[in-house]
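Next come the chains, spelled out residue by residue.
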Amino acid sequence: MAERTVIVTGAESGIGAACAEAFGATGARVAILFYQDQAAADATAAAVTRAGGTAMTVQAHVDDEASVDRAFGAVEAAWGPAAVLVNSAGLNMSGVTVRDMTLAQWRRLLDTDLTGAFLTSRRFLTGRGTAPGDAAILHISSIHAYAVRAGGADYCAAKGGLSNLVETLAIEEAPRGIRVNAIEPGMILTPMNARAERDDAYRRTLEQNIPLGRAGQPAEVADLAVFLASDRARYITGARIVIDGGLSLMQALGA
Ligand SMILES: NC(=O)c1ccc[n+]([C@@H]2O[C@H](COP(=O)([O-])OP(=O)(O)OC[C@H]3O[C@@H](n4cnc5c(N)ncnc54)[C@H](O)[C@@H]3O)[C@@H](O)[C@H]2O)c1
């Protein structure tokens, strides 16, 4: 990855921050796209630099076309077209059933977790123009793309749609040498799982459902992201790779 430009969205925390640091360790130039927290983005940038990479921070709201355009433009002005996009920005499920869900809540989730993937992918591609191939797009999806939860219609619909976006993009961009894949994590200890991070008893209860016996770490997802973006994964495109300690295999065992 040395000397390659990697754009990571949602990079001020959780899986995005871990991906930024892991790409930094490969010697990459890492653009840390953040939502609201400049100080958190600065901390990710420091981790990237410590790991051996080069970092810049840029604010980007992935659900806003103009904001995405500005952020990608700033990265390209500094470093030229990006070779890798890791889209980790996302919101968690509302926990509200459909009969009680407002249209505003539905749209908020879909705008971030699905339209955000469309806007960032499209801007990544147009930014590359006719640059020669060997590029990769990774979207952080979820096992909830196919394993649904009551109260998660907004999230499950967004991530389910993301699967089809990834597969469509993969066949569209394959002739240009651009690979597009999804990573589907299970339970990962990030701010999205804040209660499990601070409450050991609660976390252990959830972990009983995970065959490997523990929640995952963001760095474990980041290792997969670096592999999928690398030349070692050169024949992998349109794939949805599960990383969940076996959690999604337990679906049918509840009854
Ligand atoms: N943590 C898990 O267990 C888990 C499991 C499966 C999938 N995921 C997915 O992983 C991705 C990263 O989540 P995480 O676990 O690191 O949680 P996180 O909350 O730490 O990261 C999500 C990031 O997205 C940013 N964000 C939210 N809305 C945004 C917007 N409109 N524009 C730009 N950025 C925005 C947040 O500021 C945050 O930094 C998400 O897409 C999530 O759905 C997480």
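This is a predicted model, so every value here is computed, not measured. All residue numbers refer to position in the chain's written sequence, counted from 1. Only residues with pLDDT of 70 or above have their local features reported here, since the model is predicted, and side-chain atom pairs are shown and tallied only from 80 upward, although totals for entire chains, interfaces and linings are computed over all residues. The basis for every side-chain value is the complete set of non-hydrogen atoms in the structure, without hydrogens or water.

S.K.: Please give an account of the overall build of the protein chain that cites residues and values.
M.R.: Every helix listed is a DSSP run of H or I at least four residues long, and every strand listed is a run of E at least two residues long, numbered separately from the N terminus. Looking only at helices and strands, one finds eight helices and seven strands in the protein chain. Here the radius of gyration uses the C-alpha set of atoms, whereas the globule reference equals 2.2 Å times the residue count to the power 0.38. Since a compact globule built from 255 residues should have a radius of gyration of about 18 Å, the 17 Å found for the protein chain is in line with a globular shape. Expressed as lengths along the three principal axes of its C-alpha atoms, the size of the protein chain is roughly 50 × 35 × 35 Å. Counting across all 255 residues of the protein chain, residues that qualify as buried make up 50%. When checking whether two residues touch, look at their non-hydrogen atoms; a contact exists if any pair is within 4.5 Å. A separation threshold of at least 6 residues defines the contact pool for the protein chain, and within that pool the share at least 24 residues apart is 73%. For every accessible area listed, the method is Shrake-Rupley and the probe measures 1.4 Å; residues are considered covered only by the protein chains on display. When the accessible surface of the protein chain is totalled, it reaches about 11,900 Å², and 52% of it is carbon and sulfur. Here the protein chain contributes 22 positive and 27 negative side-chain charges, whose respective centroids are spaced 2 Å apart. Think of it in three bands: with a 1.4 Å probe and only protein chains considered, a residue is buried below 20% of the maximum accessible area for its type, exposed above 50%, and partly exposed in between. Counted as positive: Lys and Arg. Counted as negative: Asp and Glu, with His and the chain ends omitted from the count. One atom stands in for each charge, and that atom is NZ of Lys, CZ of Arg, CG of Asp or CD of Glu.

S.K.: Break down the packing of helix H1 (residues 14-25) against helix H8 (residues 218-229) for me, citing the residues and quoting the values.
M.R.: Axis angles are defined between N-to-C directions and span 0 to 180 degrees, where every axis is a line fitted to C-alpha atoms and, for a helix, only to the segment in contact. Between H1 and H8, the shortest axis-to-axis distance is 8 Å and the interhelical angle comes to 55 degrees. When the axes of H1 and H8 are compared, the pair comes out oblique. Read as a crossing pair, H1 and H8 show a hand that is right-handed. For the pair H1 and H8, contact is made by Gly14, Ile15, Ala18, Cys19, Ala22 and Phe23 and by Pro218, Ala219, Val221, Ala222, Ala225, Val226 and Ala229, respectively. Polar here means any residue other than Ala, Val, Leu, Ile, Met, Phe, Trp, Tyr, Cys and Pro, which are nonpolar, and Asp, Glu, Lys and Arg, which are charged; Gly is therefore polar. Residue composition of the contact of H1 with H8, grouped by class: 12 nonpolar, one polar and no charged. Should an angle fall under 35 degrees it is called roughly parallel, over 145 degrees roughly antiparallel, and 65 to 115 degrees roughly perpendicular, with every other angle called oblique. Definitions for this section: a left-handed crossing has its near helix turned counterclockwise from the far helix by less than a right angle. A right-handed crossing has that turn clockwise.

S.K.: Describe the environment of Asn193, with residues and values.
M.R.: Relative to the assigned elements, Asn193 resides in the loop between strand E6 (178-185) and helix H6 (194-198). Asn193 gets classed as partly exposed once you look at its relative accessible area, which sits at 25%. Setting aside residues up to four positions removed in sequence, Asn193 forms contacts with Met187 and Ile188.

S.K.: I'd like a rundown of the pairing of strand E1 (residues 5-9), residues and numbers included.
M.R.: Across the five residues that make up E1, a large majority, five, are buried. Of the two faces of E1, both are covered, the one formed by Thr5, Ile7 and Thr9 as well as the one formed by Val6 and Val8. Two strands pair when backbone bridges link them, and E1 and strand E2 (residues 29-34) are joined in this way by four bridges, in the parallel orientation. In the strand pairing of E2, Thr5 is matched with Arg29. Read from E1 through H1 to E2, the crossover connection turns out right-handed. The pairing of E1 with strand E4 (residues 84-87) spans four bridges and is parallel. Residue pairing across strands places Val8 opposite Val86, the latter belonging to E4. The rule for pairing is simple: two strands pair if DSSP sees at least two bridges between them. A right-handed crossover is one whose linking path, passing over the helix from the first strand to the second, runs clockwise when the strands point away from the viewer.

S.K.: Give a detailed account of the nonpolar core, specifying residues and quantitative values.
M.R.: Put simply, a nonpolar core is a bunch of buried Ala, Val, Leu, Ile, Met, Phe, Trp, Tyr and Cys residues held in one set by side-chain atoms that sit within 4.5 Å of each other. Of all hydrophobic cores here, the largest spans 32 residues; its most connected members are Val8, Cys19, Phe23, Val30, Ile32 and Val86. Looking at this core, the elements with two or more residues in it are E1, H1, E2, helix H2 (38-51), E4, strand E5 (135-140) and H8. With seven residues, H8 is the single largest residue contributor to this core. Counting residues in hydrophobic clusters, the runner-up holds 27 residues, among them Leu33, Leu85, Ala135 and Leu169.

S.K.: Describe the site of the ligand, naming the residues involved and giving the relevant values.
M.R.: Note on terminology: near, applied to a residue and a molecule or strand, indicates that one of the residue's heavy atoms is within 4 Å of it. Around the ligand sit 28 residues, and of these Ser13, Ile15, Tyr155, Thr190 and Asn193 come closest. Polar contact criterion, stated in full: a pair of N or O atoms within 3.5 Å, where within protein one must be able to donate a hydrogen and the other to accept it, and residues adjacent in sequence count only if both atoms are side-chain atoms. Note that a nitrogen atom of the ligand is positioned 3.0 Å from one of the side-chain N or O atoms of Asp63. Contact distances for the ligand include 3.4 Å between an oxygen atom and a backbone N or O atom of Ser88. In isolation the ligand has 810 Å² of accessible area, and contact with the protein removes 92% of it. At the level of secondary structure, the elements contributing two or more residues to the shell around the ligand comprise H1 and helix H5 (153-173). Each residue belonging to the shell around the ligand can be placed in one class, and the counts come to 13 nonpolar, 12 polar and three charged.

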